[in-house]
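# Understanding the architecture of this molecule
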Amino acid sequence: MINQPGPNDPVDESPVTVFGGTGFLGRRIVSRLLEKAVVVRAVSRHPRKNKVDDASGERQSLQVEADILDPSSMASAVAGSRAVVNAVSLYVERGEQTFERVHVEAAADLAAASRDAGVERFIQISGIGANATSRSPYIRARGRGEEAVKAAFPGAVIVRPAVMTGPDDAFITTIARLVRLLPIYPLFGEGSTRVQPVHVEDVAEAVSRLALGRNPAEASIFECAGPRIYSYRELVREIAAQLNLRVRTVPVPFAVWSILATASEFLPAAPVTRNQVDLMRFDNVATRDLPGLKELEMQPRGIEDVIRMIEHAA
Ligand SMILES: NC(=O)c1ccc[n+]([C@@H]2O[C@H](COP(=O)([O-])OP(=O)(O)OC[C@H]3O[C@@H](n4cnc5c(N)ncnc54)[C@H](OP(=O)(O)O)[C@@H]3O)[C@@H](O)[C@H]2O)c1
């Protein structure tokens, strides 16, 4: 493997600390780092055992309990780390957990604590389309968070994934479930918003390389997107076709989705959220002028494998 240390390389025992290290993306970042024989600290509010078996034997991350909203626990969580990754999410605002608090203030607190601890590299996971002047509170917080992190930790690297797919994702899995279930599939608007789904494992590999200082483009922002751009309507049809199903689609205005999302956020596990609706209003594809997986010497994989896995799991 490319990043395995050679027999004469000095072994660096200082950990890479992954905040959100038990999440959909975070736990894969942890696995990719463990495969590269890196010591990893996985931080979350509900830590659990995160074991990875590989050819070199069983490796295990150190599980640390901390809350990114509690600055007093940050110093010890990041102490001695060579790199810190922030992969904490917040998709629905509840109480003191607002987009501004988590994606801007807490991200900046973590970046500042990392800087003060002498950490070499800080990687902030944001999202394609992050925009500090957006009217959407979620997209605006992602953009403002990037700026706050860069101010607190000069040299921080921002990683903006497109919508991520994987066997346990909330995107393609949901579309596949609904295609099977519904006689008519409701589109976001006309279904013309363009998306560029990226495999979560590819993003995890990219982040692990950046956390270890492999940044050939020496860039401060990377966009991680998949190999193909689909309109939402095309994506629904492609998923149905791969599942050997016929699908009839119907346009549903965004205003209707906003009402549904606002109501559904009162449920414990909201089937659709306002930030998802906001994200589906605008194209979510990589811009041409920012580096991405190619510059990290990676070949992005398509959605076919994920759909196959969903098909076999059904
Ligand atoms: N999923 C996508 O398609 C997608 C696309 C683009 C960008 N992103 C971004 O990628 C990042 C990771 O997303 P994800 O989908 O992997 O999220 P996720 O599955 O919801 O995982 C979030 C992680 O953060 C931890 N966490 C949440 N609140 C925390 C807090 N206050 N303090 C400490 N840890 C906390 C969670 O564990 P506990 O709950 O136990 O604390 C979990 O480990 C986010 O920034 C997200 O916006 C995601």
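Attention here is on the structure that accompanies the text. (Residues numbered from 1 in each chain as written. Predicted model: local features only at pLDDT ≥ 70, side-chain atom pairs only at ≥ 80, totals over all residues. Heavy atoms only, no water.)

### A word on the overall build of the chain
What counts, and what does not: Think of it this way: any DSSP run of H or I at least four residues long counts as a helix, any run of E at least two long counts as a strand, and we number them from the N terminus. In this description the radius of gyration comes from C-alpha coordinates, and the expected globular size is given by 2.2 Å times residues to the power 0.38. Buried means the residue's accessible area, taken with a 1.4 Å probe over protein chains only, is under 20% of the maximum for its type, while exposed means over 50%, and partly exposed covers the values in between. Contacts: residue pairs with any heavy atoms within 4.5 Å of one another. Per-residue accessibility takes into account occlusion by the displayed protein chains alone, with areas from the Shrake-Rupley method and a 1.4 Å probe. Charge assignment: positive for Lys and Arg, negative for Asp and Glu; neither His nor the chain ends contribute. By convention, the point assigned to a charge is CZ for Arg, NZ for Lys, CD for Glu and CG for Asp.
Counting its secondary structure elements, the chain contains 10 helices and 15 strands. In terms of overall dimensions, the chain is globule-like: its C-alpha atoms have a radius of gyration of 20 Å, near the 20 Å expected for 314 residues. Across the 314 residues in the chain, those meeting the buried criterion constitute 50%. In the chain, once contacts between residues fewer than 6 apart in sequence are set aside, the share between residues at least 24 apart is 74%. A total of about 14900 Å² of accessible surface is found on the chain, and carbon and sulfur atoms cover 52% of it. A distance of 5 Å separates the average location of the 37 positive side-chain charges in the chain from that of its 38 negative side-chain charges.

### What about the site of the ligand?
How we decide: We call a residue near a molecule or strand when any one of its heavy atoms sits within 4 Å of it. Contacts described as polar in this section are N or O atom pairs within 3.5 Å, which, within protein, must combine one atom able to donate a hydrogen with one able to accept it, while residues neighboring in sequence count only if both atoms come from side chains. Residues are grouped as follows: Ala, Val, Leu, Ile, Met, Phe, Trp, Tyr, Cys and Pro are nonpolar; Asp, Glu, Lys and Arg are charged; all remaining types, including Gly, are polar.
The environment of the ligand is made up of 24 residues, and the closest members are Thr-22, His-46, Ser-89, Tyr-91 and Arg-142. Here an oxygen atom of the ligand and a side-chain polar atom of Thr-22 are 2.7 Å apart. In this structure, a nitrogen atom belonging to the ligand sits 2.8 Å away from a side-chain N or O atom of Asp-67. For the ligand, the protein covers 85% of the area, taking 900 Å² as the surface of the free molecule. Of the residues belonging to the shell around the ligand, the class tally is 13 nonpolar, eight polar and three charged.

### What about the sheet that holds strand E8 (residues 157-161)?
The test is simple: Here the rule is simple: two strands pair whenever DSSP picks up at least two bridges between them. Note on geometry: axes are C-alpha line fits, over the in-contact stretch for helices, and angles between N-to-C directions span 0 to 180 degrees.
Read across the open sheet, the seven strands follow the order E5-E2-E1-E6-E7-E8-E13; overall the sheet is parallel. With one partner strand each, in any of the chains shown, strand E5 (62-65) and strand E13 (221-224) form the two edges of the open sheet. Along the sheet, successive strands turn relative to each other by an average axial angle of 20°, direction set aside. Inspection of the sheet shows strand E1 (residues 16-19) paired to strand E6 (residues 83-86) by four bridges, in the parallel sense. Of the residues in E6, the one forming a bridge with Val-16 is Ala-83. Those strands touched by helix H1 (residues 26-35) are E1, strand E2 (40-44) and E6, and its axis lies near 165° from that of E1.

### Thoughts on the packing of helix H3 (residues 99-116) against helix H4 (residues 137-152)
Selection criterion: Orientation is classified from the angle alone, with under 35 degrees giving roughly parallel, over 145 giving roughly antiparallel, 65 to 115 giving roughly perpendicular, and any other angle giving oblique. Definitions for this section: a left-handed crossing has its near helix turned counterclockwise from the far helix by less than a right angle. A right-handed crossing has that turn clockwise.
With their axes 8 Å apart at the nearest point, H3 and H4 run at an angle of 15° to one another. When the interaxial angle is binned, H3 and H4 end up roughly parallel. The crossing of H3 and H4 is right-handed. Residues Phe-99, Glu-100, His-103, Val-104, Ala-107, Ala-108, Ala-111, Ala-112 and Arg-115 of H3 form the contact with H4, whose participating residues are Pro-137, Tyr-138, Ala-141, Arg-142, Arg-144, Gly-145, Ala-148, Val-149 and Ala-152. For the contact of H3 with H4, a count of residues per class yields 12 nonpolar, two polar and four charged.

### Quick word on the pattern of salt bridges
As a working rule, side chains carrying opposite charge can pair if their charged atoms are close by. The criterion, for reference: Throughout this description, the term salt bridge denotes a Lys or Arg side-chain nitrogen within 4 Å of a carboxyl oxygen of Asp or Glu.
By the definition in use, this model includes 20 salt bridges. With a closest N to O distance of 3.0 Å, Asp-202 and Arg-301 form a salt bridge. With Asp-202 in helix H6 (residues 200-211) and Arg-301 in the loop between helix H9 (274-279) and helix H10 (304-313), this residue pair connects regions lying 99 residues apart in the sequence. Its salt-bridge partner being Glu-297, residue Arg-214 comes within 3.6 Å of it at the nearest N-O pair. Remark: Glu-297 occurs in the loop between H9 and H10 and Arg-214 occurs in the loop between H6 and E13; sequence separation between them is 83 residues. Residue classification places Glu-297 among the exposed residues on the basis of a relative accessible area of 58%. Through salt bridges with shared partners, one network takes in Arg-27, Arg-28, Arg-32, Glu-35, Asp-168 and Glu-201.

### A short note on unusual backbone geometry
Even without glycine at this site, Ala-37 takes up a positive phi of about 65°. Under the relative-accessibility criterion, Ala-37 is labelled partly exposed at 27%. Positive phi outside glycine occurs at Glu-218, with the angle close to 45°. Turning to its location among the elements, Glu-218 is positioned in the loop between H6 and E13. Judged by relative accessible area, which is 72%, Glu-218 ranks as exposed.

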